[in-house]
Structures are given as structure tokens and as C-alpha cells.
Amino acid sequence: MTESFLNARTAVVSRPPAPAKRWTRTRIIGHVLVAFWAALIIGLLLDLYAAWDIVLIQTYGPKYWQGLVTTLTLVFSSIIFGAILSVPVAYGRMTKNRIGSAIAYAYVYFFRGTPLIAQVFLMYYGVSEFRGFLETIGLWWFFREAWYCGFLAFALNTAAYQAEILRGAIQSVSVGQWEGAASLGISKFVTFRKVILPQALIVALRPYGNEVILMIKGSAIVALITVYDLMGYTKLAYSRTFDFQAYLWAAIIYLLLVEILRHIWDWMERRITRHLIR
Amino acid sequence: MGSIALLGFGEGGWGLSIASGILVTVTLALATLPVGLLIGFFVALGKQAEEPSIRLAANMYTTIFRGLPELLTLFLVYFGAQIGIQKLGVLLGFAGTIEINSFLAGMFAMGAVFSSYASEVFLSAFRAIPRGQYEGGYAIGLSYGQTMWKVVLPQLIRVALPGLSNLWMILLKDTALVSAIGLADILRQTGVAARVTKHAFLFYGTACLIYLVLAILSSFVINAIERRTTASGVRR
């Protein structure tokens, strides 16, 4: 008996069969929801396919491309300009000087507390009220162009947000890092550049990515002040053709843009935090 | 005419129309809030479900509505619903033109955007609640719904409140976009006044200040709610 027990083929009794997947209520709901999304997306794609009009694509395809280029130029130039501007603002938010910190606080509060669209309108329509004055000081060429007004409003807006990101990131680095560098006799500026900033930027990377995405989404607003960005050409195409696919194409392009950026940012985060993974 | 008189409620003053704009903005934001919170809560539940298909559906919802510009979402809902209902009307044998209420369109669009962000806030709040809370609830014989409602939700709100109040501020600002589809909110009313009187800076500046005041007022309310919810919690 012992013999047969020992000889029992282990492979046969290796593991119990996997429990059968039952159609529970949650599983049905989940499949219905996914089917709903799939039907919606396939329906939209079929709609786009059925409405495929080569003349329309040839007419508006290049315009959409042009609009996309305008959107990207606007967003990235205003983000870079805003980043430069955010440094003194962040400094003002952290300084002990009462006047400086009050000005920086008011600046940040105003630009974060009011809608971007109102700021853009204020910059484009509002400033043109002072046309005579602007002409005398020779700045009218700047404020006459909707693109420049949008750029300036975006840059000022994103500077306020970026200043807060920068401040939060710098303050997240512990005081011990400053003290440690000071005890080695490193000057404040070098400490900031070589010790504090590299650590702060890791913290700031994700909020910066969110800010870029928010700016891309927010940049659609300039279409309302007659700038022909992606949204502007979309509105133009819709008002001329009354074809809803104008908006669907824009939605696809914006979604792709945001998803690509999100993945680039995920990759960057993995790349610069490699040394932190144990 | 002085700027005070232009903003006043007297003859030739735009105070009354701007006040009605404030009412529209506040009503829209307040009407969107419960819809967005409810959808956001269920999407967050979906994102942490064990069933992968529910997770997939919930994640698609957030990806789409967080990826689209708010203005485009608004136009998609406004024009898309118009076309959809028009087609439905033709199917049912109704040939007239159908106008979509821009308030409702704004509410749905803002609600979709708000809920996709709110689901992320709820999700991280869910993760802050230890498993033991659920297990304790089940151990004393509460059902899933009762555990959720009486044990988890009160703690969830406390954790999620800072994130949600941020989203409320964003919602309040985003409602300004509905002026693009013709709803008479603050920005629309001040814009009309600016075009008529040619005092664009004054009126758009006023609009900005009104939004600031609304933000300050809501931060007072949020602080009061925060004090109440922390007071009801156990001091650790």
C-alpha cells in the first residue's frame, strides 16, 4: 500500500482546477459598460468613415495641421516665458520682505482666482480701450494682434501656477539639505543650483506636466478671440459645413496630444527617479 | 458717465444685468456640483473594482474627459446633443428644429469634466481608508451599502475635502466658458456691457473681480465645512 501511495503520479493531482468564472452582477455591469464605450467609439468611427469626404479633408486637413502648429507654438512659448517669469514670483512668495511677498501673493491670487477666459478677454478687448496711450508709447502693434494678447495672458497665467509649483517643490526639500551644504562651506547660490534644485525638480516634474496639459486644453480659449488655433479652425470648419465631424476630428487630435504628453511625462519621471528605486 | 454709474443699478447702469449674470453662474456651478460628485464617486468605485472590465470602463471615462479641452467638451455636448436629438426627432416623425437648452448643455459638460477629476480625488481618498474599516463594518453585520454609507463615506469626505474644494474653485472658473454657447453668465453680461459702452477694461475687470469675490466667499464656506467635518472626527 505504501508502495502504491509513493508511486502515485504527482503530476495528475498537481493543482485544483481554476474556479469557473461566474457571471456575477458586477461582471455583467462591467461588460455592459465596456460594450457601451466600444459601441460609442465604433459608432463614431463608422460615422467618420461614412462621412468621409475627400474634398472636405483636402480643404480642412492642412488647416487643422496649421491650427495644431499654432496651438503648440502658443502653448510652448507661453510656458517658457511663464517659467522665466515664475522665478521672481516664486522668490517673492518665499521672501520675508513684506511688500515683495504681498505683491507676489496678490499676483498669484488674481491669476489663479479668475477664469483664464476672462483674463484673455481683459487682455484683448480690455486693453484696446487704451489704444491712444499704447500708440504713444509704441506698444499698440503688440496688443493689436490677438495672438500676442493670448500669448501674454497665457504666460502671465501660467507664471502664477508655475510659481506655486516651484515654491512647493523648493520648500519640500528639507532644511537639513541647506544646513548640510552650509556646513561644507558651499555658497547659497551653488547650494541652490546643485543641491536643492535637482531634488526640487523631481517633486515638481509631475505638477509641471499637469500644467502643460492644462495649458494645451486651456489654449482652445484663444479661438474665442479670433486666433486660428486648432479650435479656431475647428469652429471655422463647423460654421462653414455644419458637419459635426469637424468637432470629432478636433477631439481625436486633442486626446492624442494629451495622451502622448502624458506618456512622455511618465517616461521622464521613471527616468529621473531611477536612483530612488531600491 | 462715470464708471460708478456704469456699474450701478440706476438708469444706464449695468448692475442689474451683471447681477443676473452672477445668479446664472452660481446656479450653474451649484447645479453641476451634485451631479459631478455623484458620477465622480461611482467612477471612483469603478476604478477600484476587482472586475477588470469595470476598471477599464471607468478609466476610459476619465481619459476622455480629462484629455479634452473643456471648451471642446462643451461644444461637443451642445452641438452633438442638438444633432442627436434632431435625428431622434426625425425618427419619431418630428421635423421642426430643436434648440438645446444651453444651461443643461453647460451642466452636462461641466459635470463630465468635474466628475472625471473628482473620481481621482475620491480614488486617492479611498486608498487612505484602511481595509479594517470595511472588515469591521462587515463583522458587526452591516451590508455593503450600509458599510459604505455609515462607515466609509464619513471618513472619505474628510480626506477628500481639500481636493474637492480645489475642484469647486476650478468648476466656478470653468463655468465662464458657457458664455461661448450663449448662456447669460457673468462674462457674457459684462461682455455685452463692454461692447455697448466701449468700456471693455472696466467691465472685464469687474468680471474678474466678481470671480475673485466668489472664490473668496466659497473659501469661507469651505473653511466652515472643513471645521465641522474635522470637529466630528476622532482626535488622534
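Definitions and limits used
- Residues numbered from 1 in each chain as written.
- Chains lettered and ligands numbered in written order.
- Predicted model: local features only at pLDDT ≥ 70, side-chain atom pairs only at ≥ 80, totals over all residues.
- pLDDT = per-residue confidence, 0-100.
- Helix = DSSP H or I, 4+ residues; strand = E, 2+ residues; numbered from the N terminus.
- Axes fitted to C-alpha atoms, helices over the stretch in contact; angles between N-to-C directions.
- Parallel < 35°, antiparallel > 145°, perpendicular 65-115°, else oblique.
- Left-handed = near helix turned anticlockwise from the far one by under 90°.
- Contact = placed C-beta atoms within 7 Å.
- Nonpolar A, V, L, I, M, F, W, Y, C, P; charged D, E, K, R; others polar.
- Buried ≥ 20, exposed ≤ 12 C-beta atoms within 10 Å, placed from the backbone.
- UniProt positions renumbered as here; feature names shortened; annotations may be inferred.

## Focus on the confidence of the model for chain B
All names here are of chain B.
- Summing up the model confidence of chain B, the mean pLDDT is 88 and the portion of residues at 70 or higher is 96%.
- The least confident element of chain B, judged by mean pLDDT, is helix 1 (residues 3–7) at 72; the most confident is helix 5 (residues 102–128) at 93.
- Listed scores for the predicted complex are pTM 0.86 and ipTM 0.87.

## Concerning the packing of helix 2 (residues 15–47) of chain B against helix 8 (residues 186–197) of chain B
Residues and elements named next belong to chain B.
- Contact geometry of helix 2 with helix 8 gives a least axis separation of 7 Å together with a crossing angle of 160 degrees. Here helix 2 lies roughly antiparallel to helix 8, going by the angle between them. Where helix 2 crosses over helix 8, the two elements pack in a sense that is right-handed. Across the interface between the two elements, S17, I18, S20, G21, I22 and T25 from helix 2 touch I186, R188, Q189, T190 and A193 from helix 8.
- Here the residues of the contact of helix 2 with helix 8 sort into four nonpolar, six polar and one charged.

## What to know about helix 9 (residues 175–183) of chain A
- Of all nine residues in helix 9 of chain A, zero are buried, a share of ten percent or less.
- Looking at the residues trailing helix 9 of chain A, positive phi occurs at G185(A), about 80 degrees.

## Here we look at the interface of chain A and chain B
- The interface is formed by 35 residues belonging to chain A together with 36 residues belonging to chain B.
- Grouping the constituent residues of the side of chain A that touches chain B by class yields 23 nonpolar, eight polar and four charged.

## Points about the UniProt feature "transmembrane region" (unreviewed entry) in chain A
Residues and elements named next belong to chain A.
- Here, the residues flagged by UniProt with the feature "transmembrane region" (unreviewed entry) are residues 28–52, 64–91, 103–127, 139–161, 212–234 and 246–265.
- Secondary structure within residues 28–52 divides into 92% helix and 0% strand; the distance between the first and last C-alpha atoms comes to 35 Å.
- Between the first and last C-alpha atoms of residues 64–91 the distance is 40 Å; the span itself is 100% helix and 0% strand.

## Observations regarding the environment of I186(B)
Residue and element names in this part refer to chain B.
- Checked against the element boundaries, I186 lands in helix 8.
- Between the C-alpha atom of I186 and that of M148, which follows or precedes it by 38 residues, the distance is 39 Å.
- Those residues in contact with I186 that lie beyond four places of it in its chain are I18, G21, I22, T25, A176, A207 and I210.

## Section: the UniProt feature "transmembrane region" (unreviewed entry) in chain B
- Mapped onto this structure's residue numbering, the UniProt feature "transmembrane region" (unreviewed entry) falls at residues 20–46, 67–85, 105–126 and 199–222 of chain B.
- Helix makes up 100% of residues 105–126 of chain B and strand 0%. Its end C-alpha atoms lie 31 Å apart.

## Regarding unusual backbone geometry
- The phi torsion at T226(A) lies on the positive side, around 70 degrees, for a residue other than glycine.
- Here T226(A) lies in the loop between helix 10 (188–218) and helix 11 (230–241).
- With 12 C-beta atoms counted inside 10 Å, the residue T226(A) sits in the exposed group.
- Phi at K198(B) is positive, roughly 65 degrees, even though this residue is not glycine.
- Secondary-structure assignment places K198(B) in the loop between helix 8 and helix 9 (200–232).
- Of the residues examined, K198(B) has 11 C-beta atoms within 10 Å and is grouped as exposed.

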